[in-house]
Amino acid sequence: MNILFATNNAHKLMEVQAVLGPGFRLVTPRECGVTEEIPEEQQTLEGNASQKAHYLNDRTGLDCFADDTGLEVKALGGAPGVHSARYATDGHDFAANNRLLLKNLEGATDRRAQFRTVISLILNGEEHLFEGVVEGRIIDREEGHEGFGYDPLFIPDGYDKTFAQMSTEEKNEVSHRARAVRKLAAYLHSAGK
C-alpha cells in the first residue's frame, strides 16, 4: 500500500519505513507536487499533526498521515514540547536546539524527560490519532552520531546509551515514534489496508 507521509526528512522516512515494513511504501509530499512548507501553527502536538494531515489530504485527496514530536523536560515545565524543532531558532537547527537545552538545564538535578509522538491518520476521510511515549533523561553533553534532533542528549529508561549511539534497529525497538507507528500499522492492517 502506498501512503502519503507528511515529511521530506530522510531520517524520519527511514525510521518510519523500517517500522511499517515492506507492505507499505511511504510517499513524500514532494512526490505529490506539494513543495511548500506544510504549516504547523497549533499549540499542541495533536493539533500540529492534525493540521499537517488535513493540509495534505485537502491538497492531494490521498489517504495520509502526519506526525509531530516533542521533547518534554520535567525541570523545564514540559518545554521545549511542541516547540522542540524550533526551540532555539525559527529553523530546524539541531545543534542550536541542543546547546540551548543544555544551557537551560545547567544546575538542574532532575533531568527526567520524555519524547512524545502523535500521529494523525486521515483514512477514507476520517481522522485517527495514535500516540507513542518513551521516558528517559537528558545527559549533560552530546554522545553519538546517529539519528537527529535531541537524540545525542536523550537516554531512554533501561538503557545506558543515547538514541544517537543506537542503530536504527535498536532505536526502533523503543522509540516514541516507533511506538506510535506500530499503533498506526496495526490500525491499517485491521482496516484491511
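Residues numbered from 1 in each chain as written. Predicted model: local features only at pLDDT ≥ 70, side-chain atom pairs only at ≥ 80, totals over all residues. Heavy atoms only, no water.

Undergrad: Can you help me understand the UniProt feature "binding site: Mg(2+)" (unreviewed entry) in the chain in this one?
TA: UniProt records the feature "binding site: Mg(2+)" (unreviewed entry) at D68, using the numbering of this structure. Examined against the element boundaries, D68 turns out to sit in strand β3 (residues 64-73). On the accessibility criterion, D68 (7% relative accessible area) is buried. Residues within four places of D68 in sequence aside, it is in contact with E40, T44, L45, N48, A49, K52, V82, R116, T117 and V118. At 3.0 Å, the side chain of D68 and the side chain of N48 are in polar contact. (UniProt positions renumbered as here; feature names shortened; annotations may be inferred. Helix = DSSP H or I, 4+ residues; strand = E, 2+ residues; numbered from the N terminus. Buried < 20%, exposed > 50% of the residue type's maximum accessible area, 1.4 Å probe, protein only. Contact = heavy atoms within 4.5 Å. Polar contact = N/O pair within 3.5 Å; in protein donor to acceptor, adjacent residues only side chain to side chain.)

Undergrad: Explain the pattern of salt bridges here, please?
TA: Pairs can form between side chains of opposite charge whenever their charged atoms are close. Following the criterion strictly, the structure yields 19 salt bridges and no others. R59 serves as the salt-bridge partner of E36, at 3.7 Å between the closest nitrogen and oxygen. In this pair, E36 sits in the loop between β2 (25-27) and α2 (45-60) while R59 sits in helix α2, placing the two residues 23 residues apart along the sequence. A salt bridge links K161 to E170; the shortest N-O distance between them is 2.8 Å. Judged by its relative accessible area of 24%, K161 falls in the partly exposed class. (Salt bridge = Lys/Arg side-chain N within 4 Å of Asp/Glu carboxyl O.)

Undergrad: Where do I start with the side chain of K12 in this structure?
TA: With respect to the secondary-structure elements, K12 resides in helix α1 (residues 10-20). At 3.2 Å, the side chain of K12 and the side chain of D67 are in polar contact. In contact with K12, other than residues within four places in its own chain, are F5, T7, D67, F148 and R177.

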